[in-house]
Amino acid sequence: DQQVKQNSPSLSVQEGRISILNCDYTNSMFDYFLWYKKYPAEGPTFLISISSIKDKNEDGRFTVFLNKSAKHLSLHIVPSQPGDSAVYFCANKRATSYDKVIFGPGTSLSVIP
Amino acid sequence: DAGVIQSPRHEVTEMGQEVTLRCKPISGHDYLFWYRQTMMRGLELLIYFNNNVPIDDSGMPEDRFSAKMPNASFSTLKIQPSEPRDSAVYFCASSLRDPRTNQPQHFGDGTRLSIL
């Protein structure tokens, strides 16, 4: 029973263009959403987050959008750079289960120079 | 700042042997998590501790797996006896509970375990 889904296992984007990574969740009780980035042979690192009371959060080239009614969030990277090539994990959690985070399966992004 | 430190980085051992993975969390963090990453199941939470006490071990696959946190700066994940299907990358992560903000988890670089 996958509570967090990332239906695209991989994505290729040209340098300078926009990358859009998608995530769907099933549990309406999730109230905090995070994106992690992972390079090969390293652990995931936190990228950006959004709470359920917002629909958008921006940090430089990275923007996360949340559509609660659709139980969908997306990560936009613009402009995409070759150094953004990594696996991106969507992760969700509930405030009542403070630190138990549920991760999606990940999307591998390749930014082509 | 030292991050989460895991050892060993790689472990290759034969089926049936005992395997011990080690983790040193970031100083001051009061939550510690053990995850397993496989191609089939992605990143799975195995167990997590708060203030050295196991809170949720529902992700531990079977009795062959055990985890301990004897003090705030050290945790182990043990597999005994090991089986080939335990081959995976095991991550340790830690976080700090702050009621004012949602603090993200900080991950170590993982232990790549291969059971032959």
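Quick notes on the rules
Along each chain, residues carry numbers from 1 onward, in the same order as the chain's sequence is written. Written order determines the labels here, with chains lettered from A and ligands numbered from 1. Two thresholds apply to this predicted model, a pLDDT of at least 70 for residue-level local features and 80 or more for giving and counting side-chain atom pairs, whereas whole-chain, interface and lining totals are computed over all residues. The basis for every side-chain value is the complete set of non-hydrogen atoms in the structure, without hydrogens or water. Patch construction takes residues with relative accessible area above 30% that form no salt bridge. Like charges are linked within 9 Å, and nonpolar side chains (Val, Leu, Ile, Met, Phe, Trp, Tyr) are linked within 5 Å. We get accessible surface area from the Shrake-Rupley algorithm with a probe of 1.4 Å; when it comes to residues, only the shown protein chains can shield them. We define a salt bridge as a contact between a side-chain nitrogen of Lys or Arg and a carboxyl oxygen of Asp or Glu at a distance within 4 Å. Helix and strand definitions follow DSSP, with helices as H or I runs of at least four residues and strands as E runs of at least two, each counted in order from the N terminus. The pairing criterion for strands is at least two bridges between them, as found by DSSP. All axes here are fitted lines through C-alpha atoms, helices being fitted over the stretch that makes contact, and every angle between N-to-C directions spans 0 to 180 degrees. Throughout this description, buried means an accessible area under 20% of the type-specific maximum (1.4 Å probe, protein chains only), exposed means over 50%, and partly exposed covers the range between. Residues belong to a common nonpolar core when they are buried Ala, Val, Leu, Ile, Met, Phe, Trp, Tyr or Cys residues joined through side-chain atoms within 4.5 Å. When checking whether two residues touch, look at their non-hydrogen atoms; a contact exists if any pair is within 4.5 Å.

> When you look at a nonpolar patch on the surface in this model, what are you seeing that I'm missing?
A cluster of nonpolar residues, Ile18(A), Ile20(A) and Val78(A), forms a patch on the protein surface that exposes about 230 Å² of accessible area. Inspection of the secondary structure assignment puts Val78(A) in the loop between strand E8 (72-77) and strand E9 (86-93).

> Help me understand the sheet that holds strand E7 (residues 65-71) of chain B, please; the structure alone is not making it clear to me.
All names here are of chain B. Strand order across the open sheet formed by four strands is E1-E3-E8-E7, with antiparallel pairing between neighbours. Single-partner strands in this sheet number two, and they are strand E1 (5-7) and E7. Strand-to-strand twist in this sheet, taken as the mean axis angle between neighbours without regard to direction, amounts to 15 degrees. The sheet contact formed by E7 and strand E8 (residues 74-79) spans five bridges and is antiparallel. Looking at E8, one finds that alanine 67 is bridged to leucine 77.

> Please clarify how the pairing of strand E11 (residues 107-112) of chain A should be interpreted in this entry.
Within a regular strand, side chains alternate between the sheet's two faces. All names here are of chain A. Side chains Thr107, Leu109 and Val111 project from E11 onto a buried face, and the interleaved Ser108, Ser110 and Ile112 project onto a face without burial. Pairing of strand E2 (residues 10-14) with E11, which is carried by five bridges, proceeds in the parallel orientation. From the neighbouring strand, serine 10 faces E11, where its bridge partner is serine 108. Across three bridges, the pairing between E9 and E11 is antiparallel. By the bridge assignment for E11, tyrosine 88 is matched with threonine 107.

> In this structure, what is going on with the nonpolar core? I would like to understand it.
Here is a general trend for soluble globular proteins: nonpolar side chains tend to be buried in one another's company. In this structure, Trp35(A), Leu73(A), Leu75(A) and Tyr88(A) are the most contacted members of the largest nonpolar core, which totals 22 residues. Secondary-structure elements contributing two or more residues to this core are strand E3 (19-25), strand E4 (32-38), strand E5 (45-51), strand E7 (62-67), E8, E9 and E11 of chain A. If we skip the residues at most four places from it in the chain, Leu73(A) touches Leu21(A), Asn22(A), Cys23(A), Tyr25(A), Phe33(A), Trp35(A), Val64(A), Phe65(A), Leu66(A), Cys90(A) and Asn92(A). Listed in part, the 21 residues of the second largest apolar core include Ile47(B), Ala67(B), Leu77(B) and Leu113(B).

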